[in-house]
Amino acid sequence: MSQAIHRVPAEWATSAKIDAAGYAERYERSISDPDGFWAEEAKRLDWIEPFARVKETSFAEADFGIKWFADGKLNVSANCLDRHLAERGDTVAILWEPDTPGEARRITYRDLHAEVCRLANILKDNGVSRGDRVTLYMPMIPEAAMAMLACTRIGAIHSIVFGGFSADALAGRIQDCDSTLVITADEGLRSGKAIPLKGNLDEALKRCPSVQKVVVVRRTGGAVTMQEGRDLWYHEALETASADCAPEAMGAEDPLFILYTSGSTGQPKGVLHTTGGYLVWASMTHDYVFDYRPGDIYWCAADVGWVTGHTYVVYGPLANGATTVMFEGVPNWPDPSRFWELVDKFGVNIFYAAPTALRALMREGDDYVTRTDRSSLRLLGSVGEPINPEAWDWYHRVVGDGRCPIVDTWWQTETGGAMISPLPGATDLKPGSATKPLFGVQPQLVDTEGKVLDGATEGCLVITDSWPGQMRTVWGDHDRFFQTYFTTFPGKYFTGDGARRDADGDYWITGRIDDVINVSGHRMGTAEVESALVAHAKVAEAAVVGMPHPVKGQGIYAYVTLNANVPDSEELRKELSQWVRREIGPIATPDVIQFAPGLPKTRSGKIMRRILRKIAEGDIGSLGDTSTLADPAVVDNLIENRPMMP
Ligand code: 6R9
């Protein structure tokens, strides 16, 4: 634990939207008078029909339900586009930088509005109506944001599948929500390499009978096959589409989007967010956490395939009329100065990224940073995983020249937006701590029995009451929603994270306490990687755990038991690695595969993951009690045959 405290700089305390007293006062009101507080905050949006009801929520089994602003009506695209036209039509909404350093695209609010309306009409003309699901499998190009907004304009529900996922993973996500239309691109580009998005989609669609139409954006011009009657080119359809499309009046509780995320068991869950509460949360948190000012150049370096891209590349900033940077490429290509050169090129004021990227860049040395100017930067943000104090210090000292506060924002796909985070004008910073809850967020630490822990302590992180940005259900399985999040500690939302609270009441997230691992800020269920491995003909059994990794935060450590009479070999190790890549995607590639003749199991057949985690960590001195194992000798074998670390 780092002891350093960075006090709120004097100029921030006086100039920021919210200072320490303001935070305390508003936080108190958000808890004591939620209806009053949120009715006030919801005014940041344009409502087609005003709401009279505000908070109608219960986490208790008897009357479980989550509704916010339920009788209000609004449209997300109208809030992100139309209402800015009068004042900010010529302001750049999306500032896009391609993978290969080159010519940026500057799309004004007026142009974005026109293209979103055209695309919305294309969707309608191709059979999409209110409530239908549209899957987006896209690179980081402006058309991805346009596709999201076009769906919201007509009340269709988008489901974005990250472009790094395989055909298999894509097919599963299309099937789960029965999308009727998919928007993709011919190819994606990352560090100069093409990713065959349309090719992967063609493969996936062999198993997706619900899909009637495919809209293809031409990004690279690479060769693709277009299926007559099903596939159409985006640019061709755009030519004839009308730019006149009235926004659909959506109920605040109508579905906005589905985003699949990994849990501790089974298949990824379709996290569902709804219209009103989500947009209030996205707009409010973007505004306060980043102390956003009109005219700021704001850059969140996440991909739109993850929730951070949804809330902080697209919806939050556009709802607030901001200029949002969209970057197609990667931090270390052509070289590790890329981020900082872009900061200079665009004059970025607010920069938000994941610790894994920072750690990777930190390893390359300070020169790549210090040779750039970066004087435009005012505020830095971190998201996706715990930031270790070394990376925090480097970010603060080298990237921010010691000048910029860092907001370490803890949140989840399920929470819709930031939950525990400093406010730059209000909160003293501690490297590695996400500090204090945002308005309306009531965190609590409990022990494994559910007993509430007070004061400075460590425990399981739960949230005791609803906030507007909360997910509303798991698509197609409301019972799973309740079972997953509200039964471990009845009446409370369980985050799956552990946390410590210090004597100042600041929260330090310690990481997942379920079977979810966090690889480079991406959530991966160990069960998903295991089922991919056992799907291989030579594999009898597999157990996957996280291991510490200097850059990725956590790496994937897989123990694999082969079928009888199958010899292990380096080739097979490589083959299994490739296999998982193909089944799920490159982000799931195991860092270590250890062939294990047996796995440590209890007499009832339960794999003892605690022991496997310790071995993966190299912490073999403290394996704890192994006496309940069916065959304790298995453990000795695993320790002896531990492979060299990468
Ligand atoms: C936004 C996002 C959620 C999990 C979450 C936690 C970890 C996210 C963090 C953090 C420590 C932070 N996490 N932000 N841990 N400090 N600032 O990442 O959503 O992909 O659903 O992941 O990420 O473990 O439970 P998601």
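The model shown is predicted, which means the values in this text are computed figures rather than measured ones.

1. Some points on the overall build of the protein chain
At step 1: Along the backbone of the protein chain there are 20 helices and 31 strands.
At step 2: Since a compact globule built from 646 residues should have a radius of gyration of about 26 Å, the 24 Å found for the protein chain is in line with a globular shape.
At step 3: Seen through its principal axes, the protein chain has C-alpha atoms that stretch 75 × 65 × 60 Å.
At step 4: Relative to its 646 residues, the protein chain shows a buried fraction of 60%.
At step 5: Once local pairs closer than 6 in sequence are excluded, the contacts in the protein chain between residues at least 24 apart make up 71%.
At step 6: Summed over all atoms, the accessible surface of the protein chain reaches about 23800 Å², with 49% contributed by carbon and sulfur.
At step 7: Looking at charge distribution, the protein chain has the averaged site of its 65 positive side-chain charges lying 1 Å from that of its 87 negative ones.

2. Topic: the packing of helix α3 (residues 34-41) against helix α10 (residues 275-289)
At step 1: As a packed pair, α3 and α10 sit with axes 10 Å apart at the nearest point and diverge in direction by 80 degrees. By the angle class used here, α3 and α10 are roughly perpendicular. Here Phe37, Trp38 and Glu41 of α3 lie close against α10, whose contacting residues are Val280, Trp281, Met284 and Tyr288.
At step 2: A class-by-class count of the residues in the contact of α3 with α10 yields six nonpolar, no polar and one charged.

3. Structural notes on the site of the ligand
At step 1: What surrounds the ligand is a group of 17 residues, the closest being Asp408, Thr409, Thr413, Asp497 and Arg523.
At step 2: Protein contact buries 97% of the 530 Å² of open area that the ligand shows by itself.
At step 3: Counting only elements with at least two residues in the shell around the ligand, the list comes to α11 (307-319), β20 (406-409) and β26 (507-512).
At step 4: Here the residues of the shell around the ligand sort into six nonpolar, six polar and five charged.

4. Overview of the environment of Leu358
At step 1: Within the element layout of this structure, Leu358 appears in helix α13 (residues 355-362).
At step 2: Linking Leu358 and Ser382, residues 24 residues apart in sequence, is a C-alpha distance of 9.3 Å.
At step 3: Contact partners of Leu358, with chain neighbours within four places excluded, come to Trp340, Ile387, Trp394 and Tyr395.

5. Notes on unusual backbone geometry
At step 1: The omega torsion of the bond from Trp333 to Pro334 falls at -5 degrees, within 30 degrees of zero and hence cis.
At step 2: Tracing the chain through its elements places Pro334 in the loop between β17 (323-327) and α12 (338-346).
At step 3: Positioned with a positive phi, Phe69 is a non-glycine residue whose angle comes to about 55 degrees.
At step 4: A positive phi is found at Thr435, a non-glycine position, where the angle reads about 65 degrees.
At step 5: Along the polypeptide, Thr435 turns up in the loop between β20 and β21 (443-446).

6. Things to note about a negative patch on the surface
At step 1: Taken together, the side chains of Glu61, Asp176, Asp178, Asp477 and Asp479 present a region of like negative charge at the surface.
At step 2: Looking at the element boundaries, Asp178 is found in the loop between α7 (167-177) and β8 (181-185).
At step 3: Asp178 sits in the partly exposed class, given a relative accessible area of 41%.

7. Topic: the packing of aromatic side chains
At step 1: The final tally for this structure, using the stated rule, is 42 aromatic pairs.
At step 2: With 6.3 Å between their ring centres and 5 degrees between their planes, Phe257 and Tyr315 make a pair best called stacked. Residue Phe257 is located in strand β14 (residues 255-261), and its partner Tyr315 is located in helix α11; the two are separated by 58 residues in the primary sequence. Judged on exposure class, the residue Phe257 and its partner Tyr315 are both buried.
At step 3: Among the aromatic residues, those joined into a ring-pair cluster are Tyr23, Tyr27, Phe37, Trp38, Trp47, Phe51, Trp68, Phe69, Trp281, Tyr288 and Phe439.
At step 4: The ring of Phe165 has Arg173 sitting right over it, with the charged end atom 4.3 Å from the ring centre.
At step 5: Over the ring of Trp233 we find Arg218; its NZ or CZ atom is 4.9 Å from the centre of that ring.

8. What about the UniProt feature "modified residue: N6-acetyllysine" (unreviewed entry) in the protein chain?
At step 1: Annotation from UniProt places "modified residue: N6-acetyllysine" (unreviewed entry) at Lys606.
At step 2: Inspection of the secondary structure puts Lys606 in the loop between β31 (592-595) and α19 (609-617).
At step 3: Look at Lys606 and you get exposed, because its relative accessible area is 61%.
At step 4: Setting aside residues no more than four positions away along its own chain, Lys606 makes contact with Pro600 and Lys601.

9. Quick word on the nonpolar core
At step 1: Counting 160 residues, the largest nonpolar core has Phe69, Leu112, Tyr315 and Val560 as its most contacted members.
At step 2: Counting residues per element, this core draws most heavily on helix α6 (residues 142-154), which supplies nine residues.
At step 3: Contact partners of Val560, with chain neighbours within four places excluded, come to Leu533, Val539, Glu541, Ala542, Leu576, Ile593, Gln594, Phe595 and Ala596.
At step 4: Membership of the second largest hydrophobic core comes to 31 residues, among which are Leu95, Ala353, Leu377 and Val398.

10. Observations regarding the state of the cysteines
At step 1: The final tally for this structure, using the stated rule, is zero disulfides.
At step 2: Looking at the unpaired Cys208, the closest cysteine sulfur is the one in Cys177, lying at 9.5 Å.

11. Some words on the sheet that holds β20
At step 1: Spatially, the seven strands line up as an open sheet ordered β5-β4-β17-β16-β18-β19-β20, and their pairing is mixed. Single-partner strands in this sheet number two, and they are β5 (105-108) and β20. Looking at each pair of strands side by side, their axes are set apart by 20 degrees on average, direction ignored.
At step 2: For strand β19 (residues 379-383) and β20, the ladder comprises four bridges, and the chain directions are parallel. Residue pairing across strands places Ser382 opposite Asp408, the latter belonging to β20.

12. Some details on helix α4 (residues 76-88)
At step 1: With 13 residues, α4 extends 17 Å from end C-alpha to end C-alpha; this agrees with the ideal 18 Å at 1.5 Å per step.
At step 2: Of the residues making up α4, those classed as buried are Val76, Ser77, Ala78, Asn79, Cys80, Leu81, His84 and Leu85.
At step 3: At its buried positions, α4 is contacted by β3 (73-74), α5 (109-125), α6, β14, α10 and α11.

Rules and cut-offs
Position numbers for residues start from 1 in each chain and track the written sequence from start to end. Under the rules for a predicted model, residues below a pLDDT of 70 receive no local features and side-chain atom pairs below 80 are neither given nor counted, while totals for whole chains, interfaces and linings still include all residues. Neither water nor hydrogens contribute to the side-chain values; these are computed over all heavy atoms in the structure. Strands here mean DSSP runs of E at least two residues long; helices mean DSSP runs of H or I at least four residues long; both are numbered from the N terminus. Radius of gyration means the value over C-alpha atoms here, while the globule rule gives 2.2 Å times the residue count to the 0.38 power. Residue exposure (1.4 Å probe, protein chains only): buried if accessible area is under 20% of the type maximum, exposed if over 50%, otherwise partly exposed. Should any heavy atoms of two residues lie within 4.5 Å, those residues are counted as being in contact. Only the protein chains shown count as covering a residue, and every accessible area follows the Shrake-Rupley method with a 1.4 Å probe. We count Lys and Arg on the positive side and Asp and Glu on the negative side, and we leave His and both chain ends out. Taken as the charge location is NZ of Lys, CZ of Arg, CG of Asp or CD of Glu. Note on geometry: axes are C-alpha line fits, over the in-contact stretch for helices, and angles between N-to-C directions span 0 to 180 degrees. Roughly parallel means an angle under 35 degrees; roughly antiparallel means over 145; roughly perpendicular covers 65 to 115; every other angle is labelled oblique. Under the grouping applied here, Gly and all other residues not named as nonpolar or charged are polar, the nonpolar ones being Ala, Val, Leu, Ile, Met, Phe, Trp, Tyr, Cys and Pro and the charged ones Asp, Glu, Lys and Arg. By convention in these notes, a residue is near a molecule or strand provided one of its non-hydrogen atoms lies within 4 Å of it. Patch construction takes residues with relative accessible area above 30% that form no salt bridge. Like charges are linked within 9 Å, and nonpolar side chains (Val, Leu, Ile, Met, Phe, Trp, Tyr) are linked within 5 Å. Salt-bridge detection follows one rule: a side-chain nitrogen of Lys or Arg within 4 Å of a carboxyl oxygen of Asp or Glu. Stacked, tilted and edge-to-face are the three classes applied to pairs of Phe, Tyr and Trp rings, where Trp contributes its six-membered ring and a pair requires centres within 6.5 Å; stacked means planes under 30 degrees apart, edge-to-face means over 60, and tilted covers the rest. A ring is scored as having a charge over it whenever the NZ atom of a lysine or the CZ atom of an arginine sits within 6 Å of its centre and within 35 degrees of its normal. UniProt positions are given in the numbering used here, feature names are shortened, and annotations may be inferred rather than shown by experiment. Among the buried residues, those of types Ala, Val, Leu, Ile, Met, Phe, Trp, Tyr and Cys that are joined through side-chain atoms within 4.5 Å form a nonpolar core. Only a pair of cysteine sulfur atoms within 2.5 Å counts as a disulfide in this structure description. Any two strands are treated as partners once DSSP identifies two or more bridges connecting them. In this scheme, a helix's expected span is set at 1.5 Å multiplied by one less than its residue total.

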